[in-house]
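Chain residues, written in single-letter form:
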Amino acid sequence: MGIEKLRIKLGHIELKTPIIMASGTFGYGLEKINFIDYKKIGAITTKTITYYPWEGNPQPRIYETYSGMINSIGLQNPGVFYFIKNILPKIRKKFNKIFVSISGRTENEFIQLIKIMNKEKIDALELNLSCPNFEKEQKMISQSSDLTYKIVKKIKNETSIPLIAKLSPNVTNIKEIAIAAEEAGIDMISVINTVKGLCVDLKKMKIIDGGLSGGCIKPIGLKCVYDIYKVVKIPIIGIGGIIKGTDAIEYFLVGASAIGIGSGLFTNSQIIDEVIKSLINFLNKTKSKNLKEITGLLNEKKGKNR
Amino acid sequence: MGIEKLRIKLGHIELKTPIIMASGTFGYGLEKINFIDYKKIGAITTKTITYYPWEGNPQPRIYETYSGMINSIGLQNPGVFYFIKNILPKIRKKFNKIFVSISGRTENEFIQLIKIMNKEKIDALELNLSCPNFEKEQKMISQSSDLTYKIVKKIKNETSIPLIAKLSPNVTNIKEIAIAAEEAGIDMISVINTVKGLCVDLKKMKIIDGGLSGGCIKPIGLKCVYDIYKVVKIPIIGIGGIIKGTDAIEYFLVGASAIGIGSGLFTNSQIIDEVIKSLINFLNKTKSKNLKEITGLLNEKKGKNR
Amino acid sequence: MNSEICKILKNKNLSDDFYLLKIENNFKEVFLPGNFIHIKIEGVFLRRPFSVAIYTKKFIGIIYKKIGLGTEILSKKRKGESLNILGPCGNSFPIFENKKVALISGGTGIAPLIFLSSELKKRKNKIYFFYGARNKKLIFSEILPSGIDYIFSTDDGSFGQKGNIFDIFKTYKDDYEIIYAAGPEQLLKKVSLYSSKKPVYISLENYMACGMGLCYGCVVKIKEEGDGKYKRVCKDGPIFEGEKIIWE
Amino acid sequence: MNSEICKILKNKNLSDDFYLLKIENNFKEVFLPGNFIHIKIEGVFLRRPFSVAIYTKKFIGIIYKKIGLGTEILSKKRKGESLNILGPCGNSFPIFENKKVALISGGTGIAPLIFLSSELKKRKNKIYFFYGARNKKLIFSEILPSGIDYIFSTDDGSFGQKGNIFDIFKTYKDDYEIIYAAGPEQLLKKVSLYSSKKPVYISLENYMACGMGLCYGCVVKIKEEGDGKYKRVCKDGPIFEGEKIIWE
Ligand SMILES: Cc1cc2nc3c(=O)[nH]c(=O)nc-3n(C[C@H](O)[C@H](O)[C@H](O)COP(=O)(O)OP(=O)(O)OC[C@H]3O[C@@H](n4cnc5c(N)ncnc54)[C@H](O)[C@@H]3O)c2cc1C
Ligand SMILES: Cc1cc2nc3c(=O)[nH]c(=O)nc-3n(C[C@H](O)[C@H](O)[C@H](O)COP(=O)(O)OP(=O)(O)OC[C@H]3O[C@@H](n4cnc5c(N)ncnc54)[C@H](O)[C@@H]3O)c2cc1C
Ligand SMILES: Cc1cc2nc3c(=O)[nH]c(=O)nc-3n(C[C@H](O)[C@H](O)[C@H](O)COP(=O)(O)O)c2cc1C
Ligand SMILES: Cc1cc2nc3c(=O)[nH]c(=O)nc-3n(C[C@H](O)[C@H](O)[C@H](O)COP(=O)(O)O)c2cc1C
Ligand code: FES
Ligand code: FES
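Keep in mind the model is a prediction, meaning the values are calculated, not measured.

A.B. asks: Break down the overall build of chain A for me, citing the residues and quoting the values.
C.D. replies: From N to C terminus, chain A includes nine helices and 14 strands. A compact globule built from 306 residues would reach a C-alpha radius of gyration of about 19 Å, and chain A, at 18 Å, matches this within 12%. A principal-axis box enclosing the C-alpha atoms of chain A has dimensions of 50 × 50 × 40 Å. Across the 306 residues in chain A, those meeting the buried criterion constitute 65%.

A.B. asks: Before we move on, could you go through the overall build of chain C and cite the residues and values that matter?
C.D. replies: A tally of regular secondary structure across chain C gives four helices and 16 strands. Whereas a compact globule of 248 residues would reach a radius of gyration of roughly 18 Å, chain C reaches 17 Å, a difference of no more than 12%. By its C-alpha atoms, chain C is 50 × 45 × 35 Å across when sized along the principal axes. Among the 248 residues that make up chain C, the fraction classed as buried is 58%. By element, 49% of the accessible surface of chain C is carried by carbon and sulfur atoms, the whole surface being about 10400 Å². Taken as two groups, the 40 positive and 27 negative side-chain charges of chain C have centres that lie 5 Å from each other.

A.B. asks: How would you summarise the interface of chain B and chain A if you had to cite specific residues and measurements?
C.D. replies: With 40 residues of chain B at the contact, the number on the chain A side is 40 residues. In total, chain B and chain A occlude about 3400 Å² of area from one another, counting both sides; carbon and sulfur atoms represent 70% of this. Of all residues in chain B, Tyr66(B), Thr172(B) and Leu198(B) give up the largest surface area on contact with chain A, accounting jointly for 22% of the area buried on that side. The interface formed by chain B and chain A holds two salt bridges in total. A salt bridge links Asp209(A) to Lys223(B), with the shortest nitrogen-to-oxygen separation between them at 3.1 Å. Joining chain B to chain A, the criterion identifies eight residue pairs in polar contact (both at pLDDT 80 or more). Where the side of chain B that touches chain A is concerned, the elements lending two or more residues are strand 11 (195-201), strand 12 (206-213), helix 5 (218-231) and helix 6 (245-254) of chain B. Here the residues of the side of chain B that touches chain A sort into 22 nonpolar, nine polar and nine charged.

A.B. asks: Can you lay out the sheet that holds strand 2 (residues 18-24) of chain C for me, pointing to particular residues and giving the numbers?
C.D. replies: Residue and element names in this part refer to chain C. The seven strands are arranged 4-3-7-1-2-6-5 in an open sheet whose pairing can be described as antiparallel. Two strands lie at the open edges of the sheet, namely strand 4 (48-51) and strand 5 (54-55), each paired on one side alone. Here six bridges tie strand 1 (residues 2-15) to strand 2, and the two strands are oriented antiparallel to one another. Note on strand 2: the bridge partner recorded for asparagine 11 is leucine 21.

A.B. asks: Now, about unusual backbone geometry: what can you tell me, with residues and values included?
C.D. replies: For the bond from Val191(A) to Ile192(A), the omega torsion is 10 degrees, close enough to zero to count as cis. Summarising the element assignment, Ile192(A) is placed in the loop between strand 10 (188-191) and strand 11 (195-201). Omega for the peptide link from Gln59(B) to Pro60(B) comes to -5 degrees, which places this bond in the cis form. Residue position: Pro60(B) is located in the loop between strand 4 (43-45) and strand 5 (62-65). Residue Met205(A) is not a glycine yet carries a positive backbone phi of 50 degrees. Structurally, Met205(A) is set in the loop between strand 11 and strand 12 (206-213). Phi at Asn98(D) takes a positive value of approximately 55 degrees, unusual for a residue other than glycine. Within the secondary structure, Asn98(D) is located in the loop between strand 7 (82-89) and strand 8 (100-106).

A.B. asks: I'd like to hear about the relation of the copies chain B and chain A, residue by residue, with values.
C.D. replies: Of the transformation superimposing chain B on chain A, the axial component is 0.0 Å and the angular component is 180 degrees, with the fit at an RMSD of 0.0 Å. Taken together, the rotation angle and the small translation identify this as a two-fold axis. In this assembly the copies share their binding face: 100% of the residues contributing to the interface of chain B also contribute to that of chain A.

A.B. asks: Summarise the sheet that holds strand 6 (residues 68-71) of chain A; cite the residues concerned and give the values.
C.D. replies: Residues and elements named next belong to chain A. Read across the sheet, four strands follow the order 5-6-12-11 without closing on themselves; strand pairing throughout is antiparallel. Two strands in the sheet have a free side with no partner beyond their single neighbour: strand 5 (62-65) and strand 11. Averaged over neighbouring strand pairs, the angle between their axes works out to 40 degrees when direction is ignored. Sheet analysis places strand 5 next to strand 6, joined by four bridges and oriented antiparallel. Considered in strand 6, the bridge of tyrosine 63 is made with isoleucine 70.

A.B. asks: So, the domain arrangement of chain C: which residues are in play, and what are the values?
C.D. replies: Where interface size is quoted, it is often the accessible area lost as the parts come together. All names here are of chain C. Here chain C is described as being made up of domain 1 (2-89), domain 2 (93-204) and domain 3 (206-248). Counting from both sides, the interface comprises seven residues of domain 1 and, opposite them, eight residues of domain 3. The interface formed by domain 1 and domain 3 contains zero salt bridges. Linking domain 1 with domain 3 are one residue pair in polar contact (both at pLDDT 80 or more), by the criterion used here. Looking at the side of domain 1 that touches domain 3, the elements that each hand over two or more residues are strand 3 (36-40) and strand 7 (82-89).

A.B. asks: Kindly report on the site of ligand 2, identifying the contributing residues and their values.
C.D. replies: Surveying the vicinity of ligand 2 reveals 23 residues, the closest of which are Lys203(B), Pro49(D), Ile63(D), Gly70(D) and Thr71(D). Each of chains B and D places residues next to ligand 2. One of the backbone N or O atoms of Gly70(D) is found 2.7 Å from an oxygen atom in ligand 2. Burial of ligand 2 by the protein amounts to 91% of the accessible area it has alone, namely 830 Å². Put simply, the parts of the chain that give the shell around ligand 2 at least two residues each are strand 4 (48-51), strand 6 (59-65) and helix 1 (69-75) of chain D. No other element matches the four residues that strand 4 of chain D contributes to the shell around ligand 2.

A.B. asks: Kindly report on the side chain of Thr46(B), identifying the contributing residues and their values.
C.D. replies: Residues and elements named next belong to chain B. Tracing the backbone shows threonine 46 in the loop between strand 4 and strand 5. Looking at threonine 46, its side chain comes within polar contact range of the main-chain nitrogen of serine 101, at 3.1 Å. Among all residues touching threonine 46, those that are not within four sequence positions of it are Ser23, Gly24, Gly27, Tyr28, Phe83, Ile91, Phe99, Val100 and Ser101.

A.B. asks: Give a detailed account of the site of ligand 3, specifying residues and quantitative values.
C.D. replies: Close contacts around ligand 3 come from 23 residues, with Ser23(A), Thr48(A), Ile192(A), Gly241(A) and Ser263(A) the closest. Mapping the residues near ligand 3 onto chains gives chains A and C. Within the backbone of Gly214(A), one N or O atom sits 2.9 Å away from an oxygen atom of ligand 3. Here Gly262(A) contributes a backbone N or O atom positioned 3.2 Å from an oxygen atom of ligand 3. Here ligand 3 has 600 Å² of accessible area as a free molecule, and 98% of this is covered by the chains. A breakdown of the residues in the shell around ligand 3 according to their chemical character gives seven nonpolar, 14 polar and two charged.

A.B. asks: Mind laying out the pattern of salt bridges, listing which residues take part and the relevant values?
C.D. replies: Taken as a whole, this structure holds 65 salt bridges over all chains when the rule is applied. Lys218(A) serves as the salt-bridge partner of Asp247(A), at 2.7 Å between the closest nitrogen and oxygen. Of this pair, Asp247(A) sits in helix 6 (residues 245-254) while Lys218(A) sits in helix 5 (residues 218-231), placing them 29 residues apart in sequence. Assigned by exposure class, Asp247(A) and Lys218(A) land together as buried. The salt bridge partner of Asp174(D) is Lys198(D), with a shortest N-O separation of 2.5 Å. Linking Asp174(D) in the loop between helix 3 (165-171) and strand 12 (178-182) with Lys198(D) in the loop between helix 4 (185-194) and strand 13 (200-203), this pair joins segments that are 24 residues apart in sequence.

Rules behind the numbers
- Residues numbered from 1 in each chain as written.
- Chains lettered and ligands numbered in written order.
- Predicted model: local features only at pLDDT ≥ 70, side-chain atom pairs only at ≥ 80, totals over all residues.
- Heavy atoms only, no water.
- Helix = DSSP H or I, 4+ residues; strand = E, 2+ residues; numbered from the N terminus.
- Rg over C-alpha atoms; globule rule 2.2 N^0.38 Å.
- Buried < 20%, exposed > 50% of the residue type's maximum accessible area, 1.4 Å probe, protein only.
- Areas by Shrake-Rupley, 256 points an atom, 1.4 Å probe, with all protein chains shown as cover.
- Lys, Arg positive; Asp, Glu negative; His and termini not counted.
- Charge placed at Lys NZ, Arg CZ, Asp CG, Glu CD.
- Contact = heavy atoms within 4.5 Å.
- Buried area = accessible area lost by both parts, 1.4 Å probe.
- Salt bridge = Lys/Arg side-chain N within 4 Å of Asp/Glu carboxyl O.
- Polar contact = N/O pair within 3.5 Å; in protein donor to acceptor, adjacent residues only side chain to side chain.
- Nonpolar A, V, L, I, M, F, W, Y, C, P; charged D, E, K, R; others polar.
- Pairing = 2+ DSSP bridges.
- Least-squares fit on C-alpha atoms with pLDDT ≥ 70 in both.
- Axes fitted to C-alpha atoms, helices over the stretch in contact; angles between N-to-C directions.
- Domains from an automatic or database assignment.
- Near = heavy atom within 4 Å.

Okay, here's the thing in structure tokens:
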């Protein structure tokens, strides 16, 4: 089939395929879904885990938009202790590679989480730096290059687990944030988290203020990967609006080393198979040996040593 | 018909309808389009005019996305002198209210433009503050609250024509920018300009790096209007992804006093009629006397004195 | 749960804005009353959930109401076209034997209760089916199982008794051992708050994104220790015990 | 230009991925050869432009090739369904009388040249119609006007001469007074650069957004004083004099 061509390395992590299930859109991967071929999934990213259990936001939590959706789930999760005891062992049985997404409202919460996770065998920690009101700041960590640098640096000192910084697109200059994360020692970047958006439910006369995802945000995700690729050396996981097989190719061409599937699975149950097929076809058509060869192909930076 | 209910006032400017044709998506309004009822248009905003003639960007300039499009037209225009001599008189014959969009690469260019426009009878000047590399900065004016304040203030001192600041959504915190513009004396705000986005044309193996518009960005536009409404007193013109009649209602409910139609006209030739119809229906259904009554209805700020 | 491409066998207007859609049953899995299917309709982003109303080895039938863009596009699909469908989704109604039960449906709530009633009948339950609709045209007698006692009500009195089905239900002697209800949230809330002495099972209809228990978008607050807990309607539901719901 | 809802009268596969679409002509405006229509296809955001191939008071016909999502959706539309259409769009081919003219078409370029040839015929021009296609199946002889000299070529030699239509054209004695061409950009470029002694009119196919001259998305660079100037293909074109184009 050629699927072996799709093996990739993200730093020292070897993945059988470049498909990573994005945080929050695949739960903990434990639902019984017969139409998914789990062998085709390179890694799962868990729903974001916090130190304390979080209840999440009240209804309404979702609303449809043109080619996408808004969600305001909030970080509903049972807390790290429950997660480690009752959920993580089950994930291990089902997935080859596990990325655990974590978030904290304070630096201290992050450090506590890291210390706990240090004792677990997992493949990477994804830092969800898009928690709205970090400490007393009226912004997310990833909305400030100083905060990003500071938090990543602190965490890096506490752990040897590979770290991924998940960035928000809601910034004036995403390059600055990516550079700050890289300088602080992050191992990988994943972009994008959802885009700030709002919907009006005219029937119920309610607003849903949350994060936009789905096909509609693909051009925003591609632009972020494209910009970040120019300024960092570490691998980029491209996420946002991959709803068809060929969408994944586009992310590689502008600079991604792997891709994340989020709400694409909600609208297209065949998305994983389609991505695998499209990537293999593209490699064959362009006579490329592996995905690394096409990463950044349409980015002016390609060619310069990485 | 009830269309007289749709009269609005933007500061001192009275418009017969709240529909404003957005800059760059209606040219100079001079094409012969029989299916548009020009009486239903409240005002036209011209394609952005610069001091010198601008050639615009090379092809490819447009590409379709999920529920939207990317454009990288650049500010192709014949320059202000040609505009005033050959185009403005024709626009006057066709439109009741004329908003002229202007932009400059330097403060000086802006001031020169204002001085020239001061001699013309127009209803408002829209400052397109989304020109990419302003002076030596690597950003747009509207990506910095300092720059926004400074430029708006300078311009305000030079003219008595009502001023609109057209803001970019590509910022960490749109509220700061809106506040800066208001403090500097701007009369109105229009949001949003296009969202930074990128497309890959897999057939031609080319990228199109530009601005995203269309239905896909509606939640982003609504969110910006919603946020800005909370912090300013001046009227907001809501723009972004209005492709159906009911989309316009949503903008009013979160805080807009008028709305702009951009690429919606490309996909839906009936959009102007639909907006008029939807607004009248909504006013009737909710027993509202005019649009002012529904502006901000779903925004917590509504009720507080404006 | 699986994802199958199913041919449309029938898509007919029942009356007003109500439709009956029959699709090939290509699923290996068995469906139970209360389960729903999650339909991909090209032209809208998210799938649309519909309760299974009729279920045989050969086909699956749903009854849907045209209320927005998705159902409008669906209503234009013709026999022979195909749909991508996820199913079976969600949990199912608990079913007992030899009981006296009441079924209360309003509007599209009729759909899951038709499937339920035919299963209840097989288990020798004595069924009182309270069926409320706007008017006579929305009483779809041709698809109702036989051998069941129906009590009809319409808003305009054009068929059965005039009035709201819950009000009618209350005028009957209440010696049912179990109550099942489906339909508008207001109806479900009233039925749930009505009696705490006997079990009430209701079918909830929250907005859904994944429909597979992955996203936590469709949750409802359920009574538990503390403030209660959000449960997923698509996975832990859509069938819940009425008294456990924390109504907003 | 107007916007009309037009019923589909016919939408048939001609062969391979080529289709003929006939719609009611509900336009008050008159269409000229070279004009295009801008079709709204539900499911894609932007309209799709197609040259008018056949034009009568009753109907308008286009010939289209299925190449992507838009044309795929279009190909599934059936007789009786309706489409929202803008037209007439763009300028038209200049038409003279009593001339000896060559028409050169490759691929879908056949469409505008069919309409053009029937008008040229009325004005008593002597027409040499060079018609290139991939293979025999893509020579749609049933819709070609009669009374015109055709020179066919196919890539595989299955009909007419074997080879590229432009190469075939060059082997003929060139005493045409005017040349018209439509089809792939490479063909148009070659024809345009071929001769500067006689007028060459070509039909360009740039990506379009508005199709009404509003957005400046579809521009092509035209020779003028200085560096040249961007002109709108949808409004100032799609027909241009070949020698004026600055090819990229
Ligand atoms: C478990 C379950 C079973 C259902 N069974 C039936 C049934 O048997 N028959 C029937 O007619 N309807 C049923 N519904 C409701 C049905 O899913 C909605 O009417 C339908 O999704 C509306 O789609 P639309 O595009 O036409 O409406 P729109 O209002 O345009 O849809 C906009 C968005 O709102 C959501 N939405 C709107 N109304 C509802 C609703 N009442 N419940 C959930 N989501 C909604 C849509 O999914 C979509 O995301 C059921 C819903 C659920 C959750
Ligand atoms: C003035 C004019 C006349 C045309 N006449 C014909 C005709 O008679 N017959 C015919 O088959 N085709 C014609 N075309 C090309 C036709 O418009 C495209 O093939 C069609 O838009 C492709 O749509 P799609 O969704 O199937 O392809 P996709 O590739 O999926 O479309 C993606 C985007 O690219 C654009 N696009 C893709 N290819 C072209 C192209 N070659 N030209 C312009 N835009 C393109 C689409 O409009 C869309 O915005 C004409 C184009 C123009 C500009
Ligand atoms: C319902 C939902 C829940 C999400 N939850 C999380 C989360 O807990 N942590 C996180 O980092 N991202 C979360 N995301 C963001 C996704 O991981 C992804 O970055 C985003 O949806 C864009 O990708 P998409 O367009 O493919 O969905 C969530 C997205 C959705 C739609
Ligand atoms: C083709 C095109 C050209 C545009 N040109 C300008 C411009 O010259 N000046 C400006 O301020 N905005 C310009 N815009 C932005 C629009 O005015 C509008 O803010 C944006 O498209 C969002 O609205 P929409 O989604 O309704 O199109 C342009 C948009 C498009 C699509
Ligand atoms: S809809 Fe995703 S968990 Fe229920
Ligand atoms: S497509 Fe808009 S100007 Fe031609």
